[in-house]
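# Overview (structure and organization)
Below, each chain spelled out in residue letters.
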Amino acid sequence: LSDTMTQTTARLDLIVDDGGSVEELQNKIYASAQNARGSYLTTADAISKLGTQASQAFTSNDELIGFTELLNKQFVNAGTSAQGIDSVMLQLTQSMAAGKLQGEELNAVLDNAAPIVQNIQRYLEEVQNIDASNIKELASEGVITADVIKNSMFYAADEINAKFESMPMTWGQMWQSFQNTALMAFQPVLQRLNDLANSEAFNIMVENSINALAM
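These figures come from a predicted structure and were not determined experimentally.

### Brief notes about the overall build of the protein
Helix and strand content of the protein: 13 helices and 0 strands. Listed N to C, the secondary structure of the protein is α-α-α-α-α-α-α-α-α-α-α-α-α in terms of helices and strands. Overall, the C-alpha framework of the protein stretches about 70 × 35 × 35 Å when taken along its three principal axes. Buried positions account for 40% of the 215 residues belonging to the protein. Considering only contacts within the protein whose residues lie at least 6 apart along the sequence, 70% involve residues at least 24 apart. Just so you have it, the protein exposes about 11400 Å², and 53% of that area is on carbon and sulfur atoms. The protein carries 11 positive and 26 negative side-chain charges, and their two centres are separated by 4 Å.

Next comes the structure, spelled out in structure tokens:
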């Protein structure tokens, strides 16, 4: 857990904008995860990867966090499993980084969070006046760009939020909220564990242990 938090925090530090701090960014992500009943670690991981690999698709970290929060709410609306969320987040991150959604990435989203694809179809039809009945064909033609993915989520924001507010809180979601809060509270401890791994004294102990085993 210490390793995961340290690596995620280090990646978040690379995308800090507006003269802010990584702590402020973490607090924004924590608040977003709590609002959407999602996992802080999964949300922070997705934001750090999107921020480093697909930064050109977003105007700011606030927009990136808002996009990810809508994704988390859509997962709740669709009843997506934890494994499904990880799969969709991975595929969407790869698609946003590549600049378009197609093939295997589209299939993963269709299998685990079909409403996201429905948002894209609605945006293409109502805003761009494109017949989106055959979404796989459009995807193969490169029509579903990173901008289309992002804009479709914000276009459907009111509908996503309305459906989300009508969804009852589950025991699993309450437990996830507890885990998020505990993780933030224990972050200093997890950081000290990593400091220990990077300390000279600990490295000397490891070196001496290796020499003893060799002997």
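### Some details on the packing of helix α6 (residues 103–112) against helix α7 (residues 114–126)
In contact at an axis separation of 5 Å, α6 and α7 are set at 115° when each is read in the N-to-C sense. Classified by the interaxial angle, the pair formed by α6 and α7 is roughly perpendicular. Contact residues: α6 offers L106, V109, L110 and N112, while α7 offers A114, I116 and V117. Residues of the contact of α6 with α7, tallied by class, amount to 6 nonpolar, 1 polar and no charged.

### Things to note about the packing of aromatic side chains
Tallied over the entire structure, the rule returns 3 aromatic pairs. On the basis of an interplanar angle of 55° and a centroid distance of 5.4 Å, the ring pair of F58 and F67 is categorised as tilted. Here F58 falls in the buried class, since its relative accessible area comes to 10%. Considering the side-chain rings of Y123 and Y155, the 5.9 Å spacing of their centres and the 70° angle between planes classify their relative orientation as edge-to-face. Here Y123, found in helix α7, pairs with Y155, found in helix α9 (residues 146–155); they are 32 residues apart in sequence, far enough to count as distant. With a relative accessible area of 34%, Y155 lands in the partly exposed category. A cation sits over an aromatic face here: R37 above F164, 4.4 Å from the ring centre.

### Looking at the nonpolar core
L12, Y40, M96 and I116 are the most contacted members of the largest nonpolar core, which totals 50 residues. For this core, the element with the most residues is helix α4 (residues 61–78), which contributes 6 residues. Setting aside chain neighbours within four positions, we find M96 in contact with L50, A54, Q56, A57, F58, F67, A146, I149 and K150.

### As for the environment of D86
Looking at the secondary structure, you find D86 in helix α5 (residues 82–98). With relative accessibility at 44%, the residue D86 sits in the partly exposed group.

### Some words on the confidence of the model for the protein
In the predicted model, the protein carries a mean pLDDT of 91, and 100% of its residues have values of at least 70. Looking across the protein, the model is least confident in α6, with a mean pLDDT of 84, and most confident in helix α10 (residues 157–166), with 96.

The rules behind the values
Residues numbered from 1 in each chain as written. Predicted model: local features only at pLDDT ≥ 70, side-chain atom pairs only at ≥ 80, totals over all residues. Heavy atoms only, no water. Helix = DSSP H or I, 4+ residues; strand = E, 2+ residues; numbered from the N terminus. Buried < 20%, exposed > 50% of the residue type's maximum accessible area, 1.4 Å probe, protein only. Contact = heavy atoms within 4.5 Å. Areas by Shrake-Rupley, 256 points an atom, 1.4 Å probe, with all protein chains shown as cover. Lys, Arg positive; Asp, Glu negative; His and termini not counted. Charge placed at Lys NZ, Arg CZ, Asp CG, Glu CD. Axes fitted to C-alpha atoms, helices over the stretch in contact; angles between N-to-C directions. Parallel < 35°, antiparallel > 145°, perpendicular 65-115°, else oblique. Nonpolar A, V, L, I, M, F, W, Y, C, P; charged D, E, K, R; others polar. Phe/Tyr/Trp six-rings, centres within 6.5 Å; stacked < 30°, edge-to-face > 60°. Lys NZ or Arg CZ within 6 Å of the ring centre and 35° of its normal. Core = buried A, V, L, I, M, F, W, Y, C linked by side-chain atoms within 4.5 Å. pLDDT = per-residue confidence, 0-100.

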